[in-house]
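Chain by chain, the residues:
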Protein chains: 2
Amino acid sequence: MKTIYSIFFFFILISGSLSAENGSKLWLRYQPATTIESSLVQFSSVVCLEKGNLLRSATNELKMAYSEMTGKEMPVSVVPQSNSLLLGTLQNKYIRSLNIGKELAQLGSEGFVIRRVKLNADSCTVIASAGEQGVLYGVFHLLRMLQTNSCSFNVKEHPSYKVRILNHWDNLDGSVERGYAGHSIWKWDELPATISPRYAEYARANASIGINATVLNNVNASPEMLSTENLLKVKAIAAVLRSYNIRAYLSINFSSPKELGGLSTSDPLNADVRKWWKNKAAEVYKLIPDFGGFLVKANSEGLPGPMDYGRTHVDGANMLADALKPFGGIVMWRAFVYEPGDDRVKLAYNEFHKFDGQFRDNVIIQVKNGPVDFQPREPFSPLFGAMKKTALMPELQITQEYLGHSNHLVFLSSMWKEFLDADTHAAGDGTTISKLTTGEVYPQKITAFAGVANIGNDDNWCGHHFAQANWYAFGRLAWNNQLSSEQIADEWIKMTFNRQLTADSGQQEIKMSQQVSRDSCLLAVKKMMLSSHQTAVDYMMPLGLHHIFAWTHHYGPEPWCDIPGARPDWLPKYYHKADSIGLGFDRTTNGSNAVSQYASPLKEQFNDMNQCPDKYLLWFQHVPWNFRMKSGKTLWNELCYTYDKGVQSVREYQKIWDKAEPFVDAQRFAEVQSKLRIQARDAVWWKDACLLYFQTFSKQPIPYDIERPVHDLDSLKAIKLDMKHHN
Amino acid sequence: MKTIYSIFFFFILISGSLSAENGSKLWLRYQPATTIESSLVQFSSVVCLEKGNLLRSATNELKMAYSEMTGKEMPVSVVPQSNSLLLGTLQNKYIRSLNIGKELAQLGSEGFVIRRVKLNADSCTVIASAGEQGVLYGVFHLLRMLQTNSCSFNVKEHPSYKVRILNHWDNLDGSVERGYAGHSIWKWDELPATISPRYAEYARANASIGINATVLNNVNASPEMLSTENLLKVKAIAAVLRSYNIRAYLSINFSSPKELGGLSTSDPLNADVRKWWKNKAAEVYKLIPDFGGFLVKANSEGLPGPMDYGRTHVDGANMLADALKPFGGIVMWRAFVYEPGDDRVKLAYNEFHKFDGQFRDNVIIQVKNGPVDFQPREPFSPLFGAMKKTALMPELQITQEYLGHSNHLVFLSSMWKEFLDADTHAAGDGTTISKLTTGEVYPQKITAFAGVANIGNDDNWCGHHFAQANWYAFGRLAWNNQLSSEQIADEWIKMTFNRQLTADSGQQEIKMSQQVSRDSCLLAVKKMMLSSHQTAVDYMMPLGLHHIFAWTHHYGPEPWCDIPGARPDWLPKYYHKADSIGLGFDRTTNGSNAVSQYASPLKEQFNDMNQCPDKYLLWFQHVPWNFRMKSGKTLWNELCYTYDKGVQSVREYQKIWDKAEPFVDAQRFAEVQSKLRIQARDAVWWKDACLLYFQTFSKQPIPYDIERPVHDLDSLKAIKLDMKHHN
């Protein structure tokens, strides 16, 4: 009998590994349930108590899940029966009869509860909300619990941020700036006549993780975006998004009045300009009544802005806010500015801090998590906590511009949590970014959480199958910034790699042993994800190093990069400052004094070479090569060992993934395996490049117990990748 | 004081590492001696007792060494004094007075003794021989002992082989077939007018290790080689070589009578053809009276030969032998033939064995060490021991056609010793190749030892600094095939990397501690060399795998190689025979029966999967993937671990070499370091390519504790190196 089992087991593995899977389904995979508790069959019927656009989407999702989990059609009834699943809002009498109105009102129209309730004599389960939106999110929440085998009927949820928004850096020509997953999903040339089915899939995926807003176009915006022709296309997209509670936003070009409208100026204090924007807003809202608002990159990296006319960011943002105000729209004004003049990390603070309290209440300042630009690791931007009378929102980068594009497996949740959990000490201990940005410390009328999307037209949406986890994590943290990275990874893995182990439920013994192996494999995969950000930092730029990337495309290492005539702060040497003494940027009170932009006791910590955390050391300090680190090693040796640790960790990831082969479909297994191979080679490339280059300054040997470089510095310097800024 | 020492020590390291060295001096570096015992100053004067071409070379070498060791001119005297060093032959009365005439006569004109003697009342040291040649070799021997700090005055030496010969695969157009050290050192276009100084350097280097013959041109010979114009050029080279006891030989094209002489045929039994060769021989010897003879590749890989006329190898070889006989010339006739028809490894044996006893006594059959073609590891050719009435000579390949060209550090002495020490059992136990080829078992009138040169016009002669060790080892083994690889490596390292540690002899303490570090470093370098052949086999083709190289250039792995229309036995699949059952070529009695070409008990051992040595297993057997190896591992796992061991070993070599940095001049250090980096990358390439390809047959995972592949099989298959057959 054992032999038969083994043969059977073998067939399962073979047949399983042969079924290809391109990753297009993301985490929305409703596998046949293994237990009653993880299946929708536990409900006698589904009762949608009201009609509505979002409720229809919610019910459709349930139907699809039911059919995929059971192979049968979902039983639907009109009135509650014993053990029904009820969907409804406070509009409905049954829901109102439950006496949870006050609770639901507090949770808001997007919040919800999932409860076991007594309705008349019957025991039912209810997904209830003050609004349709909450029911939709509640349904996805229930399905997630079923998929992850963690069902609870004592659920009460509401989002951390009001606006949970993706920023697409997608251009009208179909290219995506910093996009590594193919061309744009928005088919501007086909719109509005042709509506790609991907728009609805996109909206559904976002809704499943609570994202409720999206900026369709690049912050480096074309004035043409606001042409009537293009707005009609936006209208068509917005109509699809609306079914999943997602509002469309647009990035605008500040010179639109001049470039598109034919005015002689775009001066924000000019009456014609103000009128042009009011009219344009009215036009937009006529087409798209639930339009969200504008995202603006102004006076940054060559883009136009109010300072071109001697005005300020306040003048520019408030003018747009006034135009949008009558329609309920908002302005997200980016603080990513660095006009030359001082240490680059200080510039955004210098520029914006002084305007605190001067922005309209429908303006929110969008601030990148760190003061430079989405580096593998940055300390938080000192604007957080410093602007007390201004709504701020974080801008995170989901697309891996600086983290190996779609070749490297890097789970960004860890980085984002590090940011959210950072204590600014702005209003005493515990003033975390997460509390600040949700308005718990200084009230904000609008709260928002933005992420630069990693989505493209590739079958698997994100280029790397594990990059889907970053989209997922962004949505989950926007919904609930108290979630742990571990929980998010756990959910994502269980939902994404939930291939059935056997087709025949009779083979209980085999299934059990498979399940044990699979659980231990997926646990290792989770650990890999959770350590992957630190690993990338280790092999790319540990100990506070930053921006030592290759010119323009930012893929590989170029700490030596020197482009004649380039802005100094676009060159790696500006940041690493390697010399015969040591390494790192002196931002102490003896240096650029960037430390003083932080509250005490951070400023004192960062200012002291012996107190500054290792992970930010070379960010804030120029450290002698022989400085004794906390580990007891010299800086040079610590650097060597850390780069090597990065390499060894990626090699461990390869082992972890290879062991997961029996539990993952063949296509995704092979594609991730191949990407990990690239990552392993790249990690060695990074290590060799940085150690061999910095060694020309340290003049010290790489510790002899470390695996030696396999490249020559000269040949690494000769590498010029043919990569574009746009994909 | 310690601080001062440290600083001083640091300066030595820095200044030392800055002095560049291009490797052109090979192992002939006479450093200032550290002790009296290792210096020529121990001799009061040098007395060259006779005149002669070779004695002049010997004396010049001593003068150069004296000057480099002491910075002073060597004291020369005409008559022996107390503590003189005397050089002389039996022609001289002083030597004759020593009563060692019989001993010297036994050692032959190339043998010698080095002794402390009493001459009249004086104590002297003598280098004596029956001929000038022996004195020259004796001088180099003495200098080697001084350089390696191993002086002895009880030396008695004579060569293992009469003809110790390099085969240059150099073409008249200056290219070198399988050459990886630049173009040919022979400047045919400048000759005979211009004599490159490199000819003399070449002759001196060869003489220093006992090489006394060289074939100037490629075995794939052009008929033009024998034109009068070219023979005049050969004459010019031969004149230079003669000063160092080196005879010139030429490879000839068997069709020369037709192609060059204008005859209608090259049939060896045709009277005109025979006459043509006799005349050509006479012409050659008129120009070059000490000309050595011809090397012939006939009826092999498309070259012409006697079989084109229905004649045999015997007919062809004997005709040439008859032409050369009057002048004392010999024919080296290659057994590297494999006309299609049977398992390739059997073909040379099949073709030649039947002619045993039929060749003239000035013919010697030149047989590659293994039955295929200079693979990283082969069992010995079964012709050795099987032809009992025919002179055989080994042909080894010094140039690394199949061993990483001039990029990989592979010390070939280990491979050659494995071959020389192999017991053929042809005349009972202990019938080693070394005894067979020196004529100890079956008498041979001529004995010879040939190596395909790795010499080119590069500054460092051999492309890789460590490839010089293979030239060195070849010469040393040709002189004395009983030397151990360890001794040869030890000599070579001490002679080649003997950089002075300090300029100031006063700093005794520092010198001592440096010496200890240096000794331990160089010991590690020696271990690296001694294990390097096994390492290359491990990462290229372990366990008896062979010929799974890339098409034509033979640099990287291409076990999948399939060229439409190619000879099957030029394709890797012919050799590895991978399939779903297992791996390897069945040459047992159930297969091609190549085993039967070996004597008992080898044939029975090789025929039995459980007895066949691991290192030859896949050469002789098609082994199931799950076969239990001697280690207890399955074949598949053993294969995986062995490839990985190869990779890890190269990484260890990198560590060893990096640690040697303080003790090696900067240029050679960096160049070897760079080559080791290539080798480390190539080892991973080999491992990935072979394991991923063979895995498509074994269908088994690579054991999970092994470092994972970093390449995809598809991308490895796409690699097409732009390398030529000629450099």
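Residues numbered from 1 in each chain as written. Chains lettered and ligands numbered in written order. Predicted model: local features only at pLDDT ≥ 70, side-chain atom pairs only at ≥ 80, totals over all residues. Heavy atoms only, no water.

**Q** How would you sum up the overall build of chain A? Please name residues and give values.
**A** Secondary structure summary: chain A contains 22 helices and 15 strands in total. For chain A, whose C-alpha radius of gyration is 27 Å, the value lies close to the compact-globule estimate of 27 Å for 727 residues. Seen through its principal axes, chain A has C-alpha atoms that stretch 80 × 80 × 50 Å. Across the 727 residues that make up chain A, the buried fraction comes to 63%. Accessible surface computed for chain A: about 25,900 Å², of which carbon and sulfur atoms make up 52%. Charged side chains in chain A number 76 positive and 74 negative. The centres of these two groups are separated by 4 Å. (Helix = DSSP H or I, 4+ residues; strand = E, 2+ residues; numbered from the N terminus. Rg over C-alpha atoms; globule rule 2.2 N^0.38 Å. Buried < 20%, exposed > 50% of the residue type's maximum accessible area, 1.4 Å probe, protein only. Areas by Shrake-Rupley, 256 points an atom, 1.4 Å probe, with all protein chains shown as cover. Lys, Arg positive; Asp, Glu negative; His and termini not counted. Charge placed at Lys NZ, Arg CZ, Asp CG, Glu CD.)

**Q** How would you summarise the interface of chain A and chain B if you had to cite specific residues and measurements?
**A** At the interface, 19 residues of chain A touch 19 residues of chain B. For the chain A and chain B pair, buried surface summed over both sides reaches about 2,000 Å², with 50% attributable to carbon and sulfur atoms. In this assembly, chain A and chain B are joined by 6 salt bridges. The closest approach of N and O atoms between E707 of chain A and R651 of chain B, which form a salt bridge, is 3.4 Å. On the surface where chain A and chain B come into contact, there are 16 residue pairs in polar contact (both at pLDDT 80 or more). (Contact = heavy atoms within 4.5 Å. Buried area = accessible area lost by both parts, 1.4 Å probe. Salt bridge = Lys/Arg side-chain N within 4 Å of Asp/Glu carboxyl O. Polar contact = N/O pair within 3.5 Å; in protein donor to acceptor, adjacent residues only side chain to side chain.)

**Q** Residue-level account of helix α14 (residues 468-479) of chain A, with values.
**A** Residue and element names in this part refer to chain A. Helix length check: α14 (12 residues) gives 17 Å between terminal C-alpha atoms against 16 Å at 1.5 Å per residue, within 8%. The element α14 is largely enclosed, with a buried count of 12 among its 12 residues. Taken together, the buried positions of α14 are Q468, A469, N470, W471, Y472, A473, F474, G475, R476, L477, A478 and W479. (Expected span 1.5 Å × (residues − 1).)

**Q** Tell me about the relation of the copies chain A and chain B, residues and numbers included.
**A** With an axial shift of 0.1 Å and an RMSD of 0.1 Å, the rotation relating chain A to chain B amounts to 180°. When the rotation and shift are considered jointly, the pair of chain copies conforms to a two-fold rotation axis. If distances are taken from each C-alpha of chain A to the rotation axis, the shortest is found for R681 of chain A, at 5.1 Å. (Least-squares fit on C-alpha atoms with pLDDT ≥ 70 in both.)

**Q** Give a description of the packing of helix α9 (residues 271-287) of chain B against helix α10 (residues 313-324) of chain B that names residues and reports values.
**A** Residues and elements named next belong to chain B. Close contact between α9 and α10 brings their axes to 8 Å; oriented N to C, the two are set at 40°. Here α10 runs oblique to α9, going by the angle between their axes. The two elements α9 and α10 meet at a crossing, and its hand is right-handed. In this structure, α9 uses V273, R274, W277, K278, A281 and Y285 to contact α10, whose residues at the interface are M319, L320, D322, A323 and L324. Looking at the contact of α9 with α10 residue by residue, the class counts come to 8 nonpolar, no polar and 3 charged. (Axes fitted to C-alpha atoms, helices over the stretch in contact; angles between N-to-C directions. Parallel < 35°, antiparallel > 145°, perpendicular 65-115°, else oblique. Left-handed = near helix turned anticlockwise from the far one by under 90°. Nonpolar A, V, L, I, M, F, W, Y, C, P; charged D, E, K, R; others polar.)

**Q** Provide a residue-level description of the packing of aromatic side chains, including the pertinent values.
**A** Counted according to the given criterion, the structure contains 88 aromatic pairs over all chains. Centroid distance W27 of chain B to W471 of chain B: 5.3 Å. Interplanar angle 80°. Geometry classified as edge-to-face. In this pair, W27 of chain B is assigned in the loop between α1 (2-18) and β1 (46-48) and W471 of chain B in helix α14 (residues 468-479), connecting sequence segments 444 residues apart. Given a relative accessible area of 0%, W471 of chain B falls into the buried group. Counting every residue linked through ring pairs, the aromatic cluster contains W27, W186, Y199, Y202, W461, W471 and Y472 of chain A. In this structure, K633 of chain A is placed above the aromatic ring of Y641 of chain A, and the distance from its NZ or CZ to the ring centre is 5.0 Å. Here the guanidinium or amino end of R587 of chain B rests over the ring plane of F585 of chain B, the centre of that ring lying 3.7 Å away. (Phe/Tyr/Trp six-rings, centres within 6.5 Å; stacked < 30°, edge-to-face > 60°. Lys NZ or Arg CZ within 6 Å of the ring centre and 35° of its normal.)

**Q** Give me α10 of chain B: which residues, what numbers.
**A** Think of an α-helix as turning once every 3.6 residues; residues three or four places apart then point the same way. All names here are of chain B. The end-to-end C-alpha distance of α10, which contains 12 residues, comes to 17 Å, matching closely the 16 Å that a straight helix rising 1.5 Å per residue would cover. Among all positions in α10, only H313, V314, G316, A317, N318, M319, L320, A321, D322, A323 and L324 are buried. Contact partners of the buried residues in α10: β8 (247-252), α9, β9 (293-296), β10 (330-334), α11 (344-352) and β11 (363-368). The distance from a side-chain oxygen at the start of α10 to the backbone nitrogen of V314 is 3.2 Å, and the residue carrying that oxygen is T312.

**Q** Explain the sheet that holds β11 of chain B residue by residue, including any values.
**A** Spatially, β6-β7-β8-β9-β10-β11-β12-β13 (chain B) is the arrangement adopted by the 8 strands of the closed barrel, whose pairing is parallel. In this sheet, neighbouring strand axes are inclined to one another by 25° on average, regardless of whether the strands run parallel or antiparallel. (Pairing = 2+ DSSP bridges.)

**Q** Go over empty space enclosed by the protein with me, naming the residues and quoting the values.
**A** Residues and elements named next belong to chain A. Per the stated rule, a full pass over the model turns up 16 cavities of 30 Å³ or more. The calculated volume of the largest cavity comes to roughly 140 Å³. Around the largest cavity, the lining comprises 17 residues; the ones closest to its centre are A335, F336, A348, G370 and P371. Elements with a minimum of two residues in the lining of the largest cavity: α11 (344-352) and β11 (363-368). It is α11 that provides the largest number of residues to the lining of the largest cavity, a total of 4 residues. When its residues are assigned to classes, the lining of the largest cavity shows 12 nonpolar, 3 polar and 2 charged. (1 Å grid on protein atoms, 1.4 Å probe; cavity = no way out; pocket = protein on both sides within 12 Å on 5 of 7 lines; lining within 4 Å. Points joined across faces, edges and corners; volume = space filled by probe spheres on them.)

**Q** Account for unusual backbone geometry, naming residues and giving values.
**A** Residues other than glycine predominantly adopt negative phi, and peptide bonds predominantly adopt the trans conformation. For the bond running from L191 of chain B to P192 of chain B, omega is -5°, close enough to zero to count as cis. Position of P192 of chain B among the secondary structure elements: in the loop between β6 (163-167) and α6 (197-208). The phi torsion at H547 of chain A lies on the positive side, around 55°, for a residue other than glycine. Structurally, the position occupied by H547 of chain A is in the loop between α16 (508-540) and α17 (572-576). For H547 of chain A, a relative accessible area of 7% puts it in the buried group. The phi dihedral of N99 of chain B falls on the positive side, at around 65°, and the residue is not glycine. Mapped onto the elements of the fold, N99 of chain B is located in the loop between α3 (93-96) and α4 (101-107).

**Q** Outline the nonpolar core, supporting the account with residue identities and numerical values.
**A** If you look at the biggest cluster of nonpolar residues, it comprises 444 residues, and the most contacted ones within it are W471 and F694 of chain A together with W471 and F694 of chain B. Counting residues in each nonpolar core, the second largest holds 15 residues, with L86, Y94, L107 and V113 of chain B among its members. (Core = buried A, V, L, I, M, F, W, Y, C linked by side-chain atoms within 4.5 Å.)

**Q** Would you mind going over the sheet that holds strand β3 (residues 112-119) of chain A in detail, with residue names and values included?
**A** Hydrogen bonding along the main chain pairs the strands of a sheet, whether they run parallel or antiparallel. All names here are of chain A. The mixed open sheet is built from 5 strands, whose spatial order is β1-β2-β4-β3-β5. The sheet is open, and its two edges are formed by β1 (46-48) and β5 (154-157), each paired on a single side. Between one strand and the next, the sheet's axes are offset by a mean angle of 30°, whatever the strand orientation. Sheet contacts for helix α5 (residues 132-147): β2 (85-89), β3, β4 (122-129) and β5; angle to β3, the most-contacted strand, approximately 85°.

**Q** Describe the pattern of salt bridges, with residues and values.
**A** All chains considered together, the criterion is met by 74 salt bridges over all chains. Ionic pairing is found between R311 of chain A and D267 of chain A, a salt bridge with its closest N-O pair at 2.8 Å. Within this pair, whereas R311 of chain A is found in the loop between β9 (293-296) and α10 (313-324), its partner D267 of chain A is found in the loop between α8 (256-259) and α9 (271-287), the two being separated by 44 residues in sequence. The class for R311 of chain A is partly exposed, based on a relative accessible area of 28%. A relative accessible area of 11% means that D267 of chain A is categorised as buried. With a closest N to O distance of 3.9 Å, R144 of chain B and E491 of chain B form a salt bridge. Residue R144 of chain B is located in helix α5 (residues 132-147), and its partner E491 of chain B is located in helix α15 (residues 485-496); the two are separated by 347 residues in the primary sequence. What emerges from the salt-bridge pattern is a single network uniting E486, D490, K494 and K526 of chain A.

**Q** Describe in detail the side chain of Q679 of chain A, supporting the description with residues and values.
**A** Residue and element names in this part refer to chain A. With respect to the helices, strands and loops of the structure, Q679 is situated in helix α21 (residues 666-698). A polar contact of 3.0 Å, which involves the side chain of Q679, links it to the side chain of Y539. Beyond its immediate chain neighbours, meaning those up to four positions away, Q679 contacts N407, H408, L409, Y539 and V650.

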